[in-house]
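Residues per chain, in single letters:
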Amino acid sequence: MSTDKKTIILFSGDYDKAMAAFIIANGAAAMGDQVTMFFTFWGLDIIRKSKRVKTSGKSFLQNMFCRMMPRGPGKVGLSKMNFGGMGAPMMKILMKQQKAMSLDELIASAREQGVKFVACTMTMDMIGFRKEELLDDIEYMGVAAYLAEADEANVNLFI
Amino acid sequence: MSTDKKTIILFSGDYDKAMAAFIIANGAAAMGDQVTMFFTFWGLDIIRKSKRVKTSGKSFLQNMFCRMMPRGPGKVGLSKMNFGGMGAPMMKILMKQQKAMSLDELIASAREQGVKFVACTMTMDMIGFRKEELLDDIEYMGVAAYLAEADEANVNLFI
Amino acid sequence: MSTDKKTIILFSGDYDKAMAAFIIANGAAAMGDQVTMFFTFWGLDIIRKSKRVKTSGKSFLQNMFCRMMPRGPGKVGLSKMNFGGMGAPMMKILMKQQKAMSLDELIASAREQGVKFVACTMTMDMIGFRKEELLDDIEYMGVAAYLAEADEANVNLFI
């Protein structure tokens, strides 16, 4: 185990929880830590491309889930005070007023700093997400790979 | 501290969060880890027996909570995209189509693999759950026991 | 890293999740551990003073968020079974019937036991919370300070 490794499972697809996850990931990377983020279940929404990608071979239900699940940080809501969808836009204005980084910028910064992005293959198979629907140049793994990384890290969070 | 011990607090009573918890628990157990799962608050719903158990001595409010809280994995909903209760059934169909294990099967597998199930006695006392309403052959502990186990583990998640 | 240090990020502003966080914090402190709790996003609601504090210089949106976000444990709801706001009062009655500590008492006990309370400065700046609106004699830090503490702790939870 090493104090310079961290893992974060992002299960949640909420704007505010994703912000918290990326603020921690960026902070740790800035301090020289190796950070791995595992995107699973609704957390995959956060690393979806914003534009629709043509895919084939999905079942009826998979198509329905994929259509209804939001495409990327621009489309997700808040876990609280969502105000019928207005919560996230209002929080974005607050962040801009404070010159704080937006979620898009936090994601870009994490990638630049070498944070490892891993999409959960089990959720992808279940819901029917294809690799081309997610951000480019990320990795694809299952629970065994997560556990191997967590065993080497000293901070492991589930968000 | 040892790298072959893990603890998971399951606070949430959602189908999807419970799935994530049991997938991690099963994965770790398969890799030879000793895993302890603490079920607290709504997480106790996940280890409730599905059929109603006659009990006595509960207060009016306890009776009300116990009646309204879902009995086991067959009754709980999703944390997101619940579609008025249809979300969990749809996710179960998706899982079946992919030949993925259902939550019931994940729970059974965790038990077979020797994952330790612990029900939080404080929540049980508060809400009025009786031992006979929960799965058989589990353990009953409080926060001190949790902390003792977490101190020996290298991955401790709150889900 | 030491087995007598623990950190808890309280992101959630729900009564039940805050209870879980404070039960763990109090339990660990009673066993002699040094515990640090970081209050971020909605978790700041839990350490807000219950009476309104006059402040100035907030933007329109900040004022709106600050007005709508609950002031302290007496005002927050449950994450589940909230029954249109009646869930938390009912849970408080259940706790009283069982002579369990209320959230207010758990917070007071944590302070008496020397649990360190840290408010996230980034969230405060964003939403516009002023120090005088939060509990007295707490600390104010950012993500780097959290990571420094987490590096020294053996149990790090995100709630």
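A quick note: this is a predicted structure, and the numbers were derived from the prediction, not measured. Residue indices begin from 1 for each chain and proceed along its sequence in written order. Chain A is the first chain written and ligand 1 is the first ligand written, with later ones labelled in order. Side-chain atom pairs in this predicted model are given and counted only at pLDDT of 80 or more, local residue features only at pLDDT of at least 70, and totals for whole chains, interfaces and linings cover all residues. Only hydrogens and water are removed before side-chain values are computed, so all heavy atoms of the structure are retained for them.

## Overview of the interface of chain B and chain C
Turning to step 1, where the next piece is worked out: Taken residue by residue, the interface counts 30 residues in chain B and 31 residues in chain C.
Turning to step 2, where the next piece is worked out: Each partner contributes to the roughly 2,600 Å² buried at the junction of chain B and chain C, and carbon and sulfur atoms together form 78% of this total.
Turning to step 3, where the next piece is worked out: Three residues stand out in chain B for area buried against chain C, namely B:Trp42, B:Met126 and B:Phe158, and they jointly supply 23% of the buried area on that side.
Turning to step 4, where the next piece is worked out: Definition used for salt bridges: Asp or Glu carboxyl oxygen within 4 Å of a side-chain nitrogen of Lys or Arg. Remark: the boundary between chain B and chain C carries two salt bridges.
Turning to step 5, where the next piece is worked out: The shortest N-O distance in the salt bridge between C:Lys6 and B:Asp151 comes to 2.8 Å.
Turning to step 6, where the next piece is worked out: The term polar contact refers here to a pair of N or O atoms within 3.5 Å; inside protein, the definition further demands a hydrogen-donor-capable atom paired with an acceptor-capable atom, and it admits residues adjacent in sequence only when both atoms are side-chain atoms. Our count for the chain B to chain C interface comes out at five residue pairs in polar contact (both at pLDDT 80 or more). Two residues form a contact once any of their heavy atoms are found within 4.5 Å. Accessible area that two parts lose when put together, with a 1.4 Å probe and added across both, is what the buried area reports.

## Examining the interface of chain A and chain B
For an interface, size is often stated in terms of accessible area lost upon the parts coming together.
Turning to step 1, where the next piece is worked out: Each partner contributes residues to the interface: chain A has 30 residues there, and chain B has 31 residues.
Turning to step 2, where the next piece is worked out: For the pair chain A and chain B, the two sides together bury roughly 2,600 Å², of which 78% comes from carbon and sulfur.
Turning to step 3, where the next piece is worked out: Scanning the region where chain A abuts chain B turns up two salt bridges.
Turning to step 4, where the next piece is worked out: Close ionic contact of A:Asp14 with B:Lys80 constitutes a salt bridge, the shortest N to O distance being 2.4 Å.
Turning to step 5, where the next piece is worked out: Our count for the chain A to chain B interface comes out at five residue pairs in polar contact (both at pLDDT 80 or more).
Turning to step 6, where the next piece is worked out: In this description a helix means any DSSP run of H or I spanning at least four residues, a strand means any run of E spanning at least two, and both kinds are numbered starting from the N terminus. Secondary-structure elements contributing two or more residues to the side of chain A that touches chain B are α2 (60-68), α5 (121-127), α6 (143-152) and β5 (155-158) of chain A.
Turning to step 7, where the next piece is worked out: Tallying contributions element by element places α6(A) first for the side of chain A that touches chain B, with seven residues.
Turning to step 8, where the next piece is worked out: Gly is put with the polar residues, along with every residue not named as nonpolar or charged; the nonpolar set is Ala, Val, Leu, Ile, Met, Phe, Trp, Tyr, Cys and Pro, and the charged set is Asp, Glu, Lys and Arg. Among the residues forming the side of chain A that touches chain B, the class breakdown is 22 nonpolar, four polar and four charged.

## A closer look at α2(A)
Turning to step 1, where the next piece is worked out: For α2(A), the full list of buried residues reads A:Leu61, A:Gln62, A:Phe65 and A:Cys66. Projected down its long axis, α2(A) shows its buried positions confined to an angular sector of 130°, all on one face. In α2(A), the exposed residues that point more than 90 degrees away from the buried face are A:Phe60 and A:Arg67.
Turning to step 2, where the next piece is worked out: Contacts from the buried residues of α2(A) go to α5 of chain A together with α3 (87-97) of chain B. Partly exposed describes any residue whose relative accessible area lies between the buried limit of under 20% and the exposed limit of over 50%, with all areas from a 1.4 Å probe on protein chains only and scaled to the type maximum. Think of it as the arc spanned by the lines of direction from the helix axis to the C-beta atoms.

## What about the nonpolar core?
Turning to step 1, where the next piece is worked out: Core analysis: the biggest nonpolar cluster contains 174 residues, and A:Phe22, B:Phe22 and C:Phe22 have the highest contact counts within it.
Turning to step 2, where the next piece is worked out: In contact with B:Phe22, other than residues within four places in its own chain, are B:Met37, B:Phe39, B:Ile46, B:Leu103, B:Leu106, B:Ile107, B:Ala110 and B:Phe117. Buried Ala, Val, Leu, Ile, Met, Phe, Trp, Tyr and Cys residues form a nonpolar core when they are joined through side-chain atoms within 4.5 Å.

## A few points about the packing of α6(A) against helix α1 (residues 15-30) of chain B
Turning to step 1, where the next piece is worked out: In contact at an axis separation of 9 Å, α6(A) and α1(B) are set at 75° when each is read in the N-to-C sense. With respect to each other, α6(A) and α1(B) are oriented roughly perpendicular. Counted together, A:Val143, A:Tyr146 and A:Leu147 of α6(A) and B:Ile23, B:Ile24, B:Gly27 and B:Ala28 of α1(B) form the full contact between these two elements.
Turning to step 2, where the next piece is worked out: Each residue belonging to the contact of α6(A) with α1(B) can be placed in one class, and the counts come to six nonpolar, one polar and no charged. In this description, a line fitted to the C-alpha atoms serves as the axis of each element, helices being fitted only across the stretch in contact, and the angle between N-to-C directions of two axes falls anywhere from 0 to 180 degrees. For this classification, under 35 degrees means roughly parallel, over 145 means roughly antiparallel, 65 to 115 means roughly perpendicular, and everything else is oblique.

## Side note on the relation of the copies chain B and chain C
Turning to step 1, where the next piece is worked out: C-alpha atoms of residues with pLDDT of at least 70 in both copies form the basis for the least-squares superposition of the copies. The transformation that overlays chain B on chain C combines an axial shift of 0.0 Å with a rotation of 120°, and the residual RMSD is 0.0 Å. Between the two chains, the operation in question is that of a three-fold axis.
Turning to step 2, where the next piece is worked out: The overlap is low: 17% of the interface residues of chain B also sit at the interface in chain C, so different surfaces are used on the two sides.

## A few points about the confidence of the model for chain A
Turning to step 1, where the next piece is worked out: pLDDT runs from 0 to 100 and stands for how confident the predictor is about each residue. Taken residue by residue, chain A gives an average pLDDT of 95. The fraction at 70 or more is 99%.
Turning to step 2, where the next piece is worked out: For this predicted complex, the interface confidence reaches an ipTM of 0.96, while the overall pTM sits at 0.97.

## Quick word on empty space enclosed by the protein
Turning to step 1, where the next piece is worked out: The way it works is a 1 Å grid over only the protein atoms, where trapped points that fit a 1.4 Å probe form a cavity and open points with protein on both sides within 12 Å along at least five of seven lines form a pocket, and then any residue with an atom within 4 Å of a point lines it. Grid points are joined across faces, edges and corners, and a volume is the space filled by probe spheres set on the points. Considering all chains together, one arrives at four cavities of 30 Å³ or more under this definition.
Turning to step 2, where the next piece is worked out: The space that makes up the largest cavity amounts to roughly 110 Å³.

## Comments concerning a nonpolar patch on the surface
Turning to step 1, where the next piece is worked out: A cluster of nonpolar side chains, A:Phe83, A:Met86 and C:Met68, forms an exposed patch at the surface whose accessible area comes to about 270 Å².
Turning to step 2, where the next piece is worked out: By the secondary structure assignment, C:Met68 is in helix α2 (residues 60-68).
Turning to step 3, where the next piece is worked out: We classify C:Met68 as partly exposed; its relative accessible area is 43%. Two distance rules govern patches: like charges are joined within 9 Å, and nonpolar side chains (Val, Leu, Ile, Met, Phe, Trp, Tyr) within 5 Å, applied only to residues with over 30% relative accessible area and no salt bridge. Where accessible areas are quoted, they stem from the Shrake-Rupley method and a 1.4 Å probe; at the residue level, only the protein chains shown are allowed to cover.

## Quick look at the relation of the copies chain A and chain B
Turning to step 1, where the next piece is worked out: For the pair chain A and chain B, the relating rotation is 120°, the translation along its axis is 0.0 Å, and the fit reaches an RMSD of 0.0 Å.
Turning to step 2, where the next piece is worked out: The overlap is low: 17% of the interface residues of chain A also sit at the interface in chain B, so different surfaces are used on the two sides.

## Notes on the pairing of strand β3 (residues 116-120) of chain B
Residue and element names in this part refer to chain B.
Turning to step 1, where the next piece is worked out: Of all the five residues making up β3, four are buried; the element is thus mostly covered by neighbouring parts of the structure.
Turning to step 2, where the next piece is worked out: By the bridge criterion, three bridges tie β3 to strand β4 (residues 139-141) in an arrangement that is parallel. Its bridge partner being in β4, cysteine 120 is matched across the sheet by methionine 141. Strand pairing is defined by DSSP finding a minimum of two bridges between the two strands.

## Notes on the packing of aromatic side chains
Turning to step 1, where the next piece is worked out: Here a Phe, Tyr or Trp ring, Trp counted by its six-membered ring, pairs with any other such ring whose centre lies within 6.5 Å, and the pair is stacked when the planes are under 30 degrees apart, edge-to-face when over 60, and tilted otherwise. The final tally for this structure, using the stated rule, is 21 aromatic pairs over all chains.
Turning to step 2, where the next piece is worked out: Note on B:Phe22 and B:Phe117: the rings are 5.8 Å apart at their centroids and 50° apart in plane angle, and the pair reads as tilted. You can see B:Phe22 sitting in helix α1 and its partner B:Phe117 sitting in strand β3, a full 95 residues away along the chain.
Turning to step 3, where the next piece is worked out: Judged by its relative accessible area of 0%, B:Phe22 falls in the buried class.
Turning to step 4, where the next piece is worked out: Every member of this aromatic cluster is reached through a ring pair, and the members are A:Phe11, A:Phe41 and A:Phe158.
Turning to step 5, where the next piece is worked out: Over the aromatic face of B:Tyr140 sits the side chain of B:Lys131, whose NZ or CZ is 4.5 Å from the ring centroid.
Turning to step 6, where the next piece is worked out: Geometrically, a lysine NZ or arginine CZ counts as sitting over a ring once it is within 6 Å of the ring centre and also within 35 degrees of the ring normal. Note that C:Arg111 overlies the ring of C:Phe117, its terminal NZ or CZ placed 5.0 Å from the centroid.

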